[in-house]
Amino acid sequence: MGLLSNLRRYFIGGFDASMLVETTSVTDVEALPGVQRAVEGMASMLASVTLCVYDSQDQEVQPAALSLLTGRATEMVNGWDLRRWMITQAISQGNSYVYIARTYSGEAAELIPLDRGRIVIDWAADPFRYLLDGKPVSSADVIHVKSGYSRWAFLGESPLDKCRTQLQLIADLDAWAATMSATGTTRRLAFRFPTPISEQAKQSILLAWKAKHSRANGSGEPLIIDGGGTIEGVSGSDDLTALTNARTAAIGEISRALNIPLSFLAATESGTQISLDAQRALVDQTLRPWARRIESELMAKLLPGYRVEHDLQELLRGTMKDTGKMLGQLVQSGVLTPNDARWVLGFEPINKPMADELMQRLDTAGGQAEMNGDREDEESESPDAPN
């Protein structure tokens, strides 16, 4: 039996790594396309950026444990999937747990994702401790990422749970739209006759209506009513418009629940290109706090003694057009030199004196003074200048 198997048997009571992850049931709220798209987008973007590690001399290094986050976390889970899973689990469940399986010498050998049903906090112990399948484990061996929505320091709370009432309204709207599509009508109907009809006739009419019209595309079938009968709508006069408006408002509810900028969600919902401003808002408002939560756990338990950072600048470069426009404005404003801008784009510097100098705008006092000074120098060097 291998070393890792012995570790698992000692700490987890013989369970295999694949048994530690359970699939939780998906609620109506979590199944909403807007929620799924938002959560998956957040998790995938943060998991895709480079994870940088620095030593005490502020030099970037590549410790062995970093490969568990960039290569293979376990035999069945790669590092990218693990990082993405930690965020999706923390959002949907409030907490995500990863067990650090170590060698006898204490080196991290595997990172095993744990379902929250496998691990609990023993509140009766002093101090509190983690229990994995009922057995105590060191807190140094459990990476615990909490959602930012929490009333307690020890546990996170899922934003989907805290906003479930509002999000459930969106799920109800989707169910309503599905019903309208299945019945082929957007309104409740009433059959009216000038004279009373028998109960048998009523039942016959209802059964005939359900058989012919209460299905997809049934509203296109012709209506045949005898005896002077008419059909009238008894529900709202514009249900489709109300549904469209409600679904538009639903984007705002998802934005508030998950703390995602509305401009970013609206662009993903409409399928339009995401602007650099919307991307920057997502990084600053949403992704940066999540990055800090993960980084603090990694520095405390997996990579002690190192500084860990997500290179979020990778997400702010946008398209070449957006980046070029932004850098051009910074160069024209005197914030960056031309070679600084070339370095951001990954280009080699150019060997020209002006390429390493900040530009002065002519509409500023400094720019006017520099222009006047250059003009005086030119006049003093002119052969026509008075002695």
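Computed from a predicted structure; not experimentally measured.

Scoring rules and cut-offs
Residues numbered from 1 in each chain as written. Predicted model: local features only at pLDDT ≥ 70, side-chain atom pairs only at ≥ 80, totals over all residues. Heavy atoms only, no water. Phe/Tyr/Trp six-rings, centres within 6.5 Å; stacked < 30°, edge-to-face > 60°. Helix = DSSP H or I, 4+ residues; strand = E, 2+ residues; numbered from the N terminus. Buried < 20%, exposed > 50% of the residue type's maximum accessible area, 1.4 Å probe, protein only. Lys NZ or Arg CZ within 6 Å of the ring centre and 35° of its normal. Core = buried A, V, L, I, M, F, W, Y, C linked by side-chain atoms within 4.5 Å. Contact = heavy atoms within 4.5 Å.

Engineer: I tried to follow the packing of aromatic side chains on my own but got confused; where do I start?
Structural biologist: Centre-to-centre distance and the angle between the planes together describe a pair of aromatic rings. By the definition in use, this model includes 4 aromatic pairs. Considering the side-chain rings of tryptophan 123 and phenylalanine 154, the 5.9 Å spacing of their centres and the 85° angle between planes classify their relative orientation as edge-to-face. In this pair, tryptophan 123 is assigned in the loop between strand 5 (119-122) and strand 6 (129-132) and phenylalanine 154 in the loop between strand 8 (142-146) and helix 5 (159-162), connecting sequence segments 31 residues apart. A relative accessible area of 45% means that tryptophan 123 is categorised as partly exposed. Accessibility expressed as a relative area gives 43% for phenylalanine 154, which makes it partly exposed. Measuring from centroid to centroid gives 5.1 Å for phenylalanine 128 and phenylalanine 154, while their planes differ by 80°, and the two rings are edge-to-face. Remark: phenylalanine 154 occurs in the loop between strand 8 and helix 5 and phenylalanine 128 occurs in the loop between strand 5 and strand 6; sequence separation between them is 26 residues. Classification of phenylalanine 128 as partly exposed rests on a relative accessible area of 41%. Grouped by ring-pair contacts, the aromatic residues Trp123, Phe128 and Phe154 constitute a single cluster. Taking the ring centre of tryptophan 290 as reference, the NZ or CZ of arginine 293 above it sits at 4.5 Å.

Engineer: What is the right way to read the side chain of aspartate 122 from this model?
Structural biologist: Mapped onto the secondary structure, aspartate 122 falls in strand 5. In this structure aspartate 122 comes out as buried when scored by relative accessible area, which is 15%.

Engineer: Help me understand the nonpolar core, please; the structure alone is not making it clear to me.
Structural biologist: Where a protein is soluble and globular, its nonpolar side chains tend to be buried together. One finds Leu46, Leu111, Ile143 and Leu302 to be the most contacted residues of the largest nonpolar core, which totals 54 residues. With 8 residues, helix 10 (residues 276-302) is the largest single contributor of residues to this core. Discounting residues that sit within four places of it in the chain, leucine 111 has contacts with Leu68, Leu69, Ala73, Thr74, Leu82, Val98, Tyr99, Ile100, Ile143 and Leu302. In this structure, Tyr99, Ala101, Leu114 and Val137 belong to the second largest nonpolar core, which totals 11 residues.

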